[in-house]
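Geometric and topological summary
The chain contents come next:
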Amino acid sequence: MSSSLRPFFQPEAIALVGASRDPARIGGRLLQAVVEGGFRGVLYPINPHADVLAGRTALPSLRQLPGPVDLAVIAVPREGVLTVLDDCAAMGIRAALVITSGFAEVGEEGRRLQEQVAEKARKAGIRLIGPNCLGLLTTDPEVCLNASFVPIMPPSGTIAMSSESGAIGLALLVAASRLGLGISSCVSVGNRVDVSSNDLLEYWETDPRTAIVLLYLESFGNPRRFARIARRVARRKPIVAVKAGRTRAGRRAAGSHTAALAANDVAVEALFHQTGVIRAETLEELFDLAKALASQPLPDGKRVAVITNAGGPAILCADACEAGGLILPEFSEATKTTLRSFLPPSASAGNPVDLIASATPEHFRQAVSVIARSGEVDALIIIYISAGLIPPSLVLEAVREGMKGTPSLTLLVCLMAQREPLPPEDSFQESSVPCYPYPEEPARVLAKMAAHAEWLRLPPGVFPVFADGDPAKAREVCQQALHSRGPGWLTTEETRTLLDAFRLPTSPGGVARTAKEAATLAQAVGFPVAVKLASHTIVHKTEVGGVILNLTSATEVERAFEEMRSRFDSLEGVLVQPMMKDGTEVLVGMTLDPLFGPLIAFGLGGIHVEVLGDVCFRVNPLTGRDAAEMVRSLRGSRLLQGYRGHPPADLSALEQVLLRVSALVESVPEVSEMDLNPVFALPPGQGCRIVDARVRVTPTST
Ligand code: COA
């Protein structure tokens, strides 16, 4: 698949269809960009009204090509695009880059034309980038192709970029050039009728010139495919992504806690987390991360030392480090003694190390050398504020000297109050040290690098297989419910059958239709018991008085049944369950995101989920690693590990519930919303019990 993209990045001959005689028109600017970019291959300008363009013979149409062409760059008015694609097919051209706009982005007519373009390319076996794109460029010295209408050729390097917006693509190129960031290739994917960011990720995965991938995403054409590819690629090359726009999951009318809690951005956040994609909040952060990743190793751990000549900025930096999960460890006595041996008396040998305003480059060199050799940190952040006495380049040089021969730590620098641009050798060149103007920036960058390093260190997650489930039965119960009542909530009994089919640990007990049955059930499960309204229409039972707790005798149970019957007109029955004790209440749920599909939720029950919203989401399916992380990642997770008389919970049983719910949701697409709330997590070894469950079913096309 990815080899079919090679003609875009390594063409030996290209044709530019719509190469204008007018350098001010887009076709003219493209021609100029290809020529000025120094394209190493053969260029055929195609224009029926010109004889010679850019010193080359212009041809009236692709049909007159004298030799093979790998890539057609198409910039003709939109009415002409289909004919040009026919010409490509006739001439055996397998790759087309369509710059022309006026397709789906302008309305229905354009969308129809776009479908025809996609269809034609697909039938002819032509890979197509665009339409409505800015173009692409590759800095490969053997190719040097700038097939965009941006007259910028950024420096060659190891960063590949894909943008789903032409304007942002342009901004990325300008910024990369300004920052001196080395680019391997850059693609504006436009309307993505064929080649998507996912395809590009796959191409760059094996591209030897690319070490880092930057993505500007506006959507995920196919989030599952993105997840599969990104999870794999991120193990080999860091992927940094900016995602614009917000999902609407949380704004939909929600009938369950899970759906209500799935706020705007949780799916994207979860997907990036699960796949190891580093998320940048802004374009600026995208580059902040890129310049660090391009020049520095990932840290081995979270320990960082801050070395500075200014106290205030160091505090801001330290705060940002800790907010990002980094640790500023206290140095050992031995390290502090060595630092004190050369520092002025008023300097601080703590962490941050404050070399005070009079610090010389030699102070920086020595401090860096001592700390880097100490083995007590994984990364260094240097903050230098220039008072105009010592040029920052001397300090940077001293820092580099200090690092020589030390273990390879991650090094980031903040140069504050730097009015003049640094000389090129000190700016953000790849082999150089990444510098930032404000002290929080290197802290944020380092925190994300450390989190990514941790993601890489953990073994990849595995999707478990449950041989003891009965997916056919589970599906049957949902389909029957749909058949008899249409979309909606399952009855209490159907829900139990569904959960039992996946060996989910429902609480003992069952549904009783008479007072006698209720009393017998209560005796069987043991007192005290709870009696709950069994209804597939009333969702919030407690609010309507449909839950009666702590019943200690058969008489009380019978009375409770009668009470329910008098209160609710058409009583389906009551659920009789033993009262749970010694457990922690948690919630496990599922909601369907329109774009990302099922999201699985885990939260602490009761007020934790309702008031504090302490819940975490992952995109289905879950790996064992996802489940293990979920039960440990809540703000209140310490409660599950045992805290001040609060008993610990059986975490592995909770992981099992999450994984079985994940498997259920995978196998039964009719399930569109689910709340297991509360689930009682019992002490280790005793498992957990699902006390209440609600499942909504919706028809599917399969
Ligand atoms: N084969 C070869 N050449 C053709 C042709 C064809 N089928 N049809 C037209 N041309 C030539 C014309 O002769 C003309 O050359 P000339 O300027 O030397 O006379 C040149 O191509 C351009 O044609 P023209 O009709 O003047 O089109 P245009 O320059 O007004 O617009 C586009 C063409 C592609 C630039 C325009 O349709 C467009 O899509 N613009 C927006 C592009 C964009 O923004 N993309 C997205 C960025 S994010």
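Residues numbered from 1 in each chain as written. Predicted model: local features only at pLDDT ≥ 70, side-chain atom pairs only at ≥ 80, totals over all residues. Heavy atoms only, no water.

The 5 strands are arranged β16-β15-β17-β18-β19 in an open sheet whose pairing can be described as parallel. Where the open sheet ends on each side, the last strands, each with one partner, are β16 (353-354) and β19 (435-436). Set on the sheet, helix α11 (residues 311-323) makes contact with β15 (304-308), β16, β17 (379-385) and β18 (410-416); between it and β17 the angle comes to about 150°. Strands in contact with helix α13 (residues 361-374) are β15, β16 and β17; relative to β17, the strand with the most contacts, it is inclined by about 165°. (Pairing = 2+ DSSP bridges. Helix = DSSP H or I, 4+ residues; strand = E, 2+ residues; numbered from the N terminus. Contact = heavy atoms within 4.5 Å. Axes fitted to C-alpha atoms, helices over the stretch in contact; angles between N-to-C directions.)

For any two helices packed against each other, the geometry comes down to the angle between their axes and how far apart the axes lie. With their axes 11 Å apart at the nearest point, helix α5 (residues 166-179) and helix α10 (residues 283-295) run at an angle of 40° to one another. When the axes of α5 and α10 are compared, the pair comes out oblique. In the packing of α5 onto α10, the handedness of the crossing is right-handed. Facing Ile 168, Leu 172, Ala 175, Ala 176 and Leu 179 of α5, the residues of α10 in contact are Leu 283, Leu 286 and Phe 287. Of the residues belonging to the contact of α5 with α10, the class tally is 8 nonpolar, no polar and no charged. (Parallel < 35°, antiparallel > 145°, perpendicular 65-115°, else oblique. Left-handed = near helix turned anticlockwise from the far one by under 90°. Nonpolar A, V, L, I, M, F, W, Y, C, P; charged D, E, K, R; others polar.)

Along its 13 residues, α11 runs 18 Å from first to last C-alpha, staying within 8% of the 18 Å computed at 1.5 Å per residue. When we look at burial in α11, the residues that qualify are Pro 313, Ala 314, Cys 317, Ala 318, Ala 320 and Cys 321. Projected onto a plane normal to the axis of α11, the buried residues spread over an arc of 165° and lie on a single side. In α11, the exposed positions angled more than 90 degrees off the buried face are occupied by Ile 315 and Ala 323. (Expected span 1.5 Å × (residues − 1). Buried < 20%, exposed > 50% of the residue type's maximum accessible area, 1.4 Å probe, protein only. Arc of directions from axis to C-beta.)

This brings us to the confidence of the model for the protein chain. The predicted coordinates of low-pLDDT regions are not to be read in fine detail. The share of residues in the protein chain with pLDDT of 70 or more is 94%, and the mean pLDDT across the chain is 91. In the model, residues 249-254 has pLDDT below 50 throughout and makes 15 contacts with residues more than four positions away in sequence or in other chains. A low-confidence stretch, residues 424-431 (pLDDT under 50), is modelled with 24 contacts involving residues beyond four sequence positions or located in other chains. (pLDDT = per-residue confidence, 0-100.)

The next point concerns the site of the ligand. Close contacts around the ligand come from 21 residues, with Ser 20, Arg 21, Arg 25, Ile 99 and Ser 101 the closest. Here a nitrogen atom of the ligand sits 2.9 Å away from a polar atom, N or O, in the main chain of Ile 99. A distance of 2.8 Å is found between an oxygen atom of the ligand and a backbone nitrogen or oxygen belonging to Ser 101. Taken by itself the ligand offers 960 Å² of open surface, and the protein chains cover 72% of this. Its residues placed into classes, the shell around the ligand shows 11 nonpolar, 8 polar and 2 charged. (Near = heavy atom within 4 Å. Polar contact = N/O pair within 3.5 Å; in protein donor to acceptor, adjacent residues only side chain to side chain. Areas by Shrake-Rupley, 256 points an atom, 1.4 Å probe, with all protein chains shown as cover.)

Time to look at the nonpolar core. In this structure, Met 161 and Phe 226 are the most contacted members of the largest nonpolar core, which totals 112 residues. Sequence-distant contacts of Phe 226, defined by excluding residues within four places in its chain, comprise Asn 198, Leu 201, Leu 215, Leu 217, Phe 220, Arg 231, Leu 271, Phe 272, Thr 275 and Val 277. Listed in part, the 47 residues of the second largest apolar core include Phe 502, Leu 604, Met 630 and Ile 690. (Core = buried A, V, L, I, M, F, W, Y, C linked by side-chain atoms within 4.5 Å.)

Next up on the list: helix α9 (residues 266-275). For α9, a buried count of 7 out of 10 residues is recorded, marking the element as mostly surrounded by other parts of the structure. Here α9 has its buried residues at Ala 267, Val 268, Ala 270, Leu 271, Phe 272, Gln 274 and Thr 275. Looking one or two residues beyond α9, the residue adopting positive phi is Gly 276, at roughly 80°.

The next thing to look at is the environment of Gly 388. For Gly 388, the location among the structural elements is in the loop between β17 and α14 (392-403). Residue Gly 388 is classed as exposed on the basis of its relative accessible area of 58%. Along the chain, Gly 388 and Ala 417 lie 29 residues apart, while their C-alpha atoms are 9.2 Å from each other.

Another point: the environment of Arg 236. The residue Arg 236 is located in helix α7 (residues 223-236) in this model. C-alpha separation for the pair Arg 236 and Glu 205, spaced 31 residues apart in sequence, amounts to 7.4 Å. Apart from the residues lying within four places of it in its own chain, the contact partners of Arg 236 are Glu 205 and Thr 206.

Orientation of helix α18 (residues 515-525) relative to helix α19 (residues 554-567), taken along the N-to-C sense of each, is 140°, at an axis distance of 8 Å. The angle between α18 and α19 places the two elements in the oblique class. Seen from above, α18 lies across α19 with right-handed handedness. Contact residues: α18 offers Ala 515, Lys 516, Ala 518, Ala 519, Ala 522 and Gln 523, while α19 offers Ala 554, Val 557, Glu 558, Phe 561 and Glu 562. The residue makeup of the contact of α18 with α19, split by class, is 7 nonpolar, 1 polar and 3 charged.

Time to look at the sheet that holds strand β5 (residues 71-74). Through backbone hydrogen bonds, the strands of a sheet pair up, either in parallel or in antiparallel fashion. Read across the sheet, 5 strands follow the order β2-β1-β5-β6-β7 without closing on themselves; strand pairing throughout is parallel. Only two strands of the sheet have a single neighbouring strand rather than two, namely β2 (42-46) and β7 (127-129). Here the strands of the sheet are splayed against their neighbours by 20° on average, with no regard to which way each runs. Pairing analysis gives 4 bridges linking β5 to strand β6 (residues 95-98), with the strands arranged parallel. Bridge pairing in β6 links Ala 72 to Ala 96. Here helix α3 (residues 81-90) sits on the sheet in contact with β1 (13-17), β5, β6 and β7, set at roughly 170° to β5.

This part covers the packing of aromatic side chains. Counted by the stated rule, this structure contains 4 aromatic pairs. The interplanar angle of 50° and the centroid separation of 6.2 Å between the aromatic rings of Phe 226 and Phe 272 together place this pair among those described as tilted. Residue Phe 226 is found in helix α7, and its partner Phe 272 is found in helix α9; the two are separated by 46 residues along the sequence. By relative accessible area, which is 1% here, Phe 272 ends up buried. Put simply, the rings of Phe 9, Tyr 203 and Trp 204 pair up and form one aromatic cluster. For the cation-ring pair, Arg 235 lies above Trp 455, with the distance from its terminal atom to the ring centre recorded as 4.4 Å. (Phe/Tyr/Trp six-rings, centres within 6.5 Å; stacked < 30°, edge-to-face > 60°. Lys NZ or Arg CZ within 6 Å of the ring centre and 35° of its normal.)

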